[in-house]
Structure formats: structure tokens, C-alpha cells
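Residue-level structure breakdown
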Amino acid sequence: MKSQYSILIFVSLALFSACSSSKIISDIGQGIDFTQYKTYTWSTVEDPINRNFPQYDNSLNRERWKNSIDVAMQNQGYILAEDEADLEVDFHLQFEHNVVPSRSHEDDWENTSVDLKPSYSYQYDRGIVTIHLVDLKKNQIIWQGLATKVIDLRVLEEAEANIQKVVDKIFKKLALQITS
């Protein structure tokens, strides 16, 4: 019975990971007039690659994130400029490994005074990307978009398309905030 329960939990988690969608959050500064911004440049400061998650955070995927953000910025009408840009763009990748202990419930009804000991656990990885737009004249963040998702190695099968989907969802939130 215990092994059937473990298998059920594992299958449920696998399906949850495969079907989980990104949670998208966007935050915009009050009173920001986005019509004043026409050009952008990339930040010269880059976070170091997270060596604990080389399957997700590596130079190949970083380039994919940057290319996807370029496409999204240009779709919003911004022009990449080398000198004297209005905005600076940066992005940050964060990954965490989570372990959730499960407890045995065999003796719950018979002996409730016994502490339940962890009998097994499940593990998952969560990825977070944060994108900032910084007003270069004021040196102030005017917008940030964030996406978080439970991830597994299957996201790497179509990494470029998956990254572009997430970036598109984040910038869709920006477009909605600008127009409202």
C-alpha cells in the first residue's frame, strides 16, 4: 500500500511539473510616461552563472534569454542603441531546489500520540527570471517583470521556444500596464 501511495505521489508531481504554467508578476512605477522612452541598451553588469544548475543556467541559455528579450523589446517599439539610450535592460536568473518531506499516515488513527517520521520526500526545481527596465537619466527601475515556474529537464527539449513564451508573457503584462 505504501509503495502504491508513493507511486501515486510521484506520478502526480510529474504531471504537476509538466502542466504547471508560469506565474507572471509585473510591477510598474507610478506616473511613468512610457512614451518618452524610445531606445534601450543592455546592462554591462551581469550576474554570474549559477554553477549549481548548469542544465538551466549556462551561456547558451543566457544568450537565448537575451535574444528573446531583444525581440520583445523591439515588438514593444523600442530600438536597441549603443550610445545614449533611454532605458537599460537587465535580467536575473534564480534557481532553487526544493525537498518536501512526506509523512507516513499508517498509524494516524490507532496511535495519534506517536510523532510521525518522514518516510519519503519529493523534490522539484523552481526557476525565476526577473527583467528590469531602468530609466538611465534617473538611474531608477521603472518596471520589472517576473516569472516563476516549477521546472524539470523537459523544458530543455525546446528551450528557445519555452524561453520566448515566458518572455512574451512577461512583456504582455508590461503592454497591458502601459495602456491602462
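Below, the structure is looked at part by part. (Residues numbered from 1 in each chain as written. Predicted model: local features only at pLDDT ≥ 70, side-chain atom pairs only at ≥ 80, totals over all residues. Heavy atoms only, no water.)

Section: the overall build of the protein chain
Scanning the protein chain from terminus to terminus reveals 3 helices and 6 strands. Moving toward the C terminus, one meets the helices and strands of the protein chain in the order α-β-β-α-β-β-β-β-α. Within the protein chain, the proportion of its 180 residues that are buried is 36%. Sequence-distant contacts, at least 24 apart, represent 75% of the contacts inside the protein chain between residues at least 6 apart. Counting only carbon and sulfur atoms, one obtains 53% of the accessible surface of the protein chain, whose full area is about 11,700 Å². (Helix = DSSP H or I, 4+ residues; strand = E, 2+ residues; numbered from the N terminus. Buried < 20%, exposed > 50% of the residue type's maximum accessible area, 1.4 Å probe, protein only. Contact = heavy atoms within 4.5 Å. Areas by Shrake-Rupley, 256 points an atom, 1.4 Å probe, with all protein chains shown as cover.)

Some remarks on the pairing of strand β2 (residues 39-42)
On a regular strand, one side chain projects to one face of the sheet and the next to the other, so that they alternate. Residues Thr39 and Thr41 line one face of β2 and the alternating positions Tyr40 and Trp42 line the opposite face, and both faces are buried. Judged from the 2 bridges that link them, β2 and strand β3 (residues 79-80) form a sheet pairing that is parallel. In the strand pairing of β3, Tyr40 is matched with Leu80. On the question of chirality, the crossover connecting β2 to the parallel β3 by way of helix α2 (residues 59-75) is right-handed. (Pairing = 2+ DSSP bridges. Right-handed = clockwise from strand over helix to strand, strands pointing away.)

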